[in-house]
Amino acid sequence: MHPVRWVALAGFMGTGKSRIGWELSRRLQLTFIDTDRVIERVSCLKIPEIFELYGEETFRAYETEVVRRTLRLDDVVVSTGGGTVVREENRRLLRARGPVVVLDASPETIYKRTRRHKRPMLEVGDPTERIRSLMRERAPAYDEVASFHVSGDDRVSTDVVDDIIEGLWSWSERHPDLVAQGPIDLREAPVPGEDPIARLDEAADAAFEESDAPEDA
Ligand code: S3P
């Protein structure tokens, strides 16, 4: 028995979305999808390279396209990027499909977890101050998108996953309409040519087929 057949994880960078999402997917026997990894695979670029070559707006456009595509999937745990929920459109799309679990962590934990890997949004002189200000700025978006919050701070991942599953059971009782609704198909005809979004559209199906463990798991 599954509480849900589709669930998204959101939250700031370094809150453990990929690790927890992966473990949650194993527990619920669902496929794990990390939107950042889909974008990297489809564009054949690492996220910092996309920021450098095309800028943040292009990355955000990729992100929205991937979010739209996750809505037509079933039996998945979708881990989103930390900035995905900043766009109102993404919040609305995710909430229309199913529960969105927001993982929380303190700025200190986030700093410890993010300093090993390059994050374009934190490439500044004082990353801890940047973490605090971005968290403040984004807090309303996380609150708005959250079906419920779970803390990932100083806890073993099995406890975090237990809390999420418990939350999903009670969410599914309160939202039988969304549980019954199933996939939403928003695909549009791909734009021909060199548009990177069109390439993403063509290749995303293949990337979605693959379920793999997060790199930092
Ligand atoms: C970003 C978070 C990253 C990634 C990109 C931008 C953000 O994802 O999508 O670097 O704006 O917060 P993680 O939350 O998985 O680090």
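Preceding this section is the structure that the text describes.
Now for a quick tour of the structure. (Residues numbered from 1 in each chain as written. Predicted model: local features only at pLDDT ≥ 70, side-chain atom pairs only at ≥ 80, totals over all residues. Heavy atoms only, no water.)

Considering the overall build of the protein chain
Within the protein chain one finds 10 helices and five strands. Residues classed as buried in the protein chain amount to 52% of the 217 residues present. Here the contacts in the protein chain between residues at least 6 apart in sequence split such that 78% fall between residues at least 24 apart. As displayed, the protein chain offers around 10,400 Å² of accessible surface, 49% of which is attributable to carbon and sulfur atoms. (Helix = DSSP H or I, 4+ residues; strand = E, 2+ residues; numbered from the N terminus. Buried < 20%, exposed > 50% of the residue type's maximum accessible area, 1.4 Å probe, protein only. Contact = heavy atoms within 4.5 Å. Areas by Shrake-Rupley, 256 points an atom, 1.4 Å probe, with all protein chains shown as cover.)

Some thoughts on the pairing of strand β1 (residues 6-11)
The element β1 is largely enclosed, with a buried count of six among its six residues. Of the two faces of β1, the one lined by W6, A8 and A10 and the one lined by V7, L9 and G11 are each fully buried. Two elements, β1 and strand β3 (residues 76-79), share four bridges in a ladder whose sense is parallel. Bridge pairing links V7 to V77 in β3. Here β1 runs beside strand β4 (residues 100-104); their pairing, made up of four bridges, is parallel. Each bridged residue has a counterpart across the sheet, and for A10 the counterpart in β4 is V102. (Pairing = 2+ DSSP bridges.)

Quick word on the site of the ligand
Contacts to the ligand come from 13 residues, most closely from K17, R60, G82, R119 and R138. Here the ligand loses 94% of its free accessible area of 390 Å² to cover by the protein chains. (Near = heavy atom within 4 Å.)

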